[in-house]
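Fold and geometry: a report
For reference, the chains in residue letters:
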Amino acid sequence: MFTRISLTMVLLSLLPALAAQPLYQPLGQPASDLSDKPEWNLTISPDGQGLPAGSGTASQGKHIFEQHCAACHGFGAIGGSAMPLVGEVGSLASEYPEKTVNSYWPFATTLFDYIRRSMPPSAPFSLNSNEIYALCAYILSQDGIIEADVELNAVTLPQVTMPNRNGFSATYPQ
Amino acid sequence: MKKVPLESRRQFLQYTALSGAFAGFSLPALSAQSDIDYRDILPESMTQAGAGFSNYGQPSPYENKIIRWISANPDTPGNGVSWSPLHELQGTITPNGLHFERHHNGVPDIDPATHTLLIDGLVDTPLSFTVEALKRYPQQSRICFIECGGNSNSSWRSRPVETAAGYTHGLVSNAEWTGVPVKYLLQEAGIKNNAKWAVAEAADGASLNVSIPLEKLLDDAILALYQNGERLRPENGYPLRLVLPGWEGIVNVKWLRQLRLTEVPVMSRDETAQYTDLMPDGTARQFSFEMATKSLITSPSHGMTLPDNPGVYQLTGLAWSGQGKISRVEVSADGGQSWVDAELQQPVLSKAFTRFSLPWQWQGQYAVLQSRATDETGYVQPSRDELFAKRGSHGFFHFNAIISWEVSEDGFIYHVYPD
């Protein structure tokens, strides 16, 4: 609510200022066609918007993880040169908190979004949707966030409730 | 302890100048020699032609130790940081080759001729822009700092890291950024009433994506094309980057390819898993965009030595605030028991580096040097204890507490936590 009010105020206050702006020619090209293309729709929302077709399970994911991820994140997704991805659920308020995907991340959809765009670092976007769903299933099942035999897909992934779902409070707007 | 009055500091300086610089000088006797071979007595640089012109100037080879310090994951060399050598620099502008870096998967090679910026989502007309087109818009310049949310993160650890000032606290730099006010482009596309955020996406090997409040984009955000007068360096987002003055580095998205207007933030990895602050109760602060007021003595600082005892040393450093202008910087030589106002280099700009300085007389005593900045809202940079009392001890991002340099009796300088 607060954001909406202040936003309206910002827009209103811009109007008189705009008149005093230097003159310029609008050079943007209408781009509705681009907007619909997959390469401009990479971002996946917590409600599942943007998730592709496909599916995968933890047992498939274990194999893919060992092949493409374990070199850096460790076998079992703990203990490599890159950060651990699993374990430590419930540790955040303890003396030794550990932030992992399973202990800290509020949304499971973010995992799909991030793996697809960034991992493995040597070849982002090299894994297909089935493989990414399977990797998500493998990581999440390690801490029992989903059962070992659950098939993740565009419908089931957004339904996963992460342990730290309510652990964040926004400091913006103040 | 009392504040040292300005008058007595001046008197001290005059006294040293007299005894140091003027003592023992006498006029050299002029010889009546008629045929002097000046080549024997002048520096070599004056008796020969110098090097030719250069298409792009480089720093002096004598300064080749002034470098960014790189720390990357050996398995992913493009993931890491390079720190700006703030302890070796003066003034307020960070040279382009020494601006700090934080990349998530390396520096992409982007041909501006093929790069497209798309503004879409909750707009009346999705629009695409070429880089050439963006250069034709009115260009606005802004001198401001950009600080990585993870700057100084080692200061959350229980023992101080013994590294040079810039190599611990130098994930912050200050430049003149020039480009198109983002609001011009958003207004051209037409902002729908329910738009409140924009998801920014980069064209790098991490396709980095973060959500940014629309309010900020309509306020002072710049789509930067130029850095200190020249086109952006590749490692700083070439061909285009967002500059959001005063806000943490991660939202100043480099290599920008898309701004998609949305109603809600998208909860990407870099706004949930990273750049959030774990508090003592186990919850986390999210969207801590504004970088809090901070300062750092850059010289003398860790690793330097004080050659003369007694001696006069020009204490100097940098202060900055995401909230606006720096209004005051105080310096202490006794670990915060007493403070003296430092001189602020003018002009003091909002959300930009402010250089402070103060001459300091050292007489071989043990000292703990600190600086403490206050911004125009009255906010005072906290001590490490105060920061920990508020945020707990498990922080990683957004460290802005007072930084301390210990001076030993033999003139060596160490990083310490005196609290």
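Sequence order as written defines residue numbering, which begins from 1 separately in each chain. Whichever chain is written first becomes A and whichever ligand is written first becomes 1, with later ones labelled in order. At least 70 in pLDDT is required for a residue's local features to be given in this predicted model, at least 80 for side-chain atom pairs to be given and counted, and no such filter applies to totals for whole chains, interfaces and linings, which use all residues. Heavy atoms throughout the structure, all of them, feed into the side-chain values; hydrogens and water do not.

Here's the deal with the interface of chain A and chain B
Contacts were defined at the residue level, with two residues in contact if any of their heavy atoms lie within 4.5 Å. Between chain A and chain B, the contact holds 59 residues from the first and 62 residues from the second. Two parts placed together each lose some accessible area; with a 1.4 Å probe, that loss summed over both constitutes the buried area. Roughly 5100 Å² of surface becomes buried between chain A and chain B when both sides are summed, with 58% attributable to carbon and sulfur atoms. Any carboxyl oxygen of Asp or Glu that lies within 4 Å of a side-chain nitrogen of Lys or Arg is treated as forming a salt bridge with it. The interface formed by chain A and chain B contains one salt bridge. The partner of arginine 117 of chain A in a salt bridge is glutamate 201 of chain B, and the shortest N-O contact between them spans 3.0 Å. Here a polar contact means two N or O atoms within 3.5 Å. Within protein one must be a hydrogen donor candidate and the other an acceptor candidate, and residues neighboring in sequence count only if both atoms are side-chain atoms. In this structure, the connection of chain A to chain B is made through 28 residue pairs in polar contact (both at pLDDT 80 or more). Helix and strand assignments come from DSSP, with helices taken as H or I runs of at least 4 residues and strands as E runs of at least 2, each series counted from the N terminus. When contributions to the side of chain A that touches chain B are tallied by element, the ones reaching two or more residues are α1 (2-19), β1 (29-30), α2 (32-35), α4 (70-73), α6 (109-118) and β4 (168-170) of chain A.

Topic: helix α3 (residues 58-68) of chain A
Residues and elements named next belong to chain A. Within α3, the full set of buried residues consists of Ala58, Gly61, Ile64 and Phe65. Seen end-on, α3 carries its buried residues on one side only, within an arc spanning 115°. When the buried face of α3 is taken as reference, the exposed residues oriented beyond 90 degrees from it are Ser59, His63 and Gln67. The inward-facing, buried residues of α3 abut α4 and α7 (129-141). For each residue, the accessible area found with a 1.4 Å probe, counting protein chains only, is set against the maximum for its type, and the residue is called buried under 20%, exposed over 50%, and partly exposed in between. Starting at the helix axis, one direction is taken to each C-beta atom, and the arc is that of these directions.

Some remarks on the domain arrangement of chain B
Residue and element names in this part refer to chain B. Structurally, chain B comprises domain 1 (103-285) and domain 2 (294-416). Just so you know, the domain bounds were taken from an automatic or database domain assignment. Measuring from the centre of the C-alpha atoms in domain 1 to the corresponding centre in domain 2 gives 29 Å. Each partner contributes residues to the interface: domain 1 has 38 residues there, and domain 2 has 31 residues. A combined buried area of about 2900 Å² lies between domain 1 and domain 2, and 58% of that area is made up of carbon and sulfur atoms. Viewed at the interface, domain 2 and domain 1 are joined by three salt bridges. Ionic pairing is found between arginine 391 and aspartate 277, a salt bridge with its closest N-O pair at 3.5 Å. At the boundary of domain 1 with domain 2, the tally comes to 19 residue pairs in polar contact (both at pLDDT 80 or more). Of all the secondary structure elements, the ones that give two or more residues to the side of domain 1 that touches domain 2 are β6 (140-147), α4 (165-169), β7 (172-181) and β14 (277-278).

Focus on helix α5 (residues 182-189) of chain B
Residue and element names in this part refer to chain B. Among the eight residues of α5, six are classified as buried, and the element is accordingly described as predominantly covered. Every buried residue of α5 is listed here: Val182, Lys183, Tyr184, Leu185, Leu186 and Ala189. Two residues or fewer after α5 comes glycine 190, characterised by a positive phi angle close to 85°.

Re a nonpolar patch on the surface
A grouping of Ile36, Tyr38, Ile41, Leu42 and Met46 of chain B is seen on the molecular surface, where their side chains present a nonpolar patch of about 490 Å² in accessible area. Turning to its location among the elements, tyrosine 38 of chain B is positioned in helix α2 (residues 38-41). Each patch is built from residues that are more than 30% exposed by relative accessible area and take part in no salt bridge. Like charges join if they lie within 9 Å; nonpolar side chains (Val, Leu, Ile, Met, Phe, Trp, Tyr) join within 5 Å. For accessible areas, the Shrake-Rupley method is used with a probe of radius 1.4 Å. Any residue's cover is judged against the shown protein chains and nothing else.

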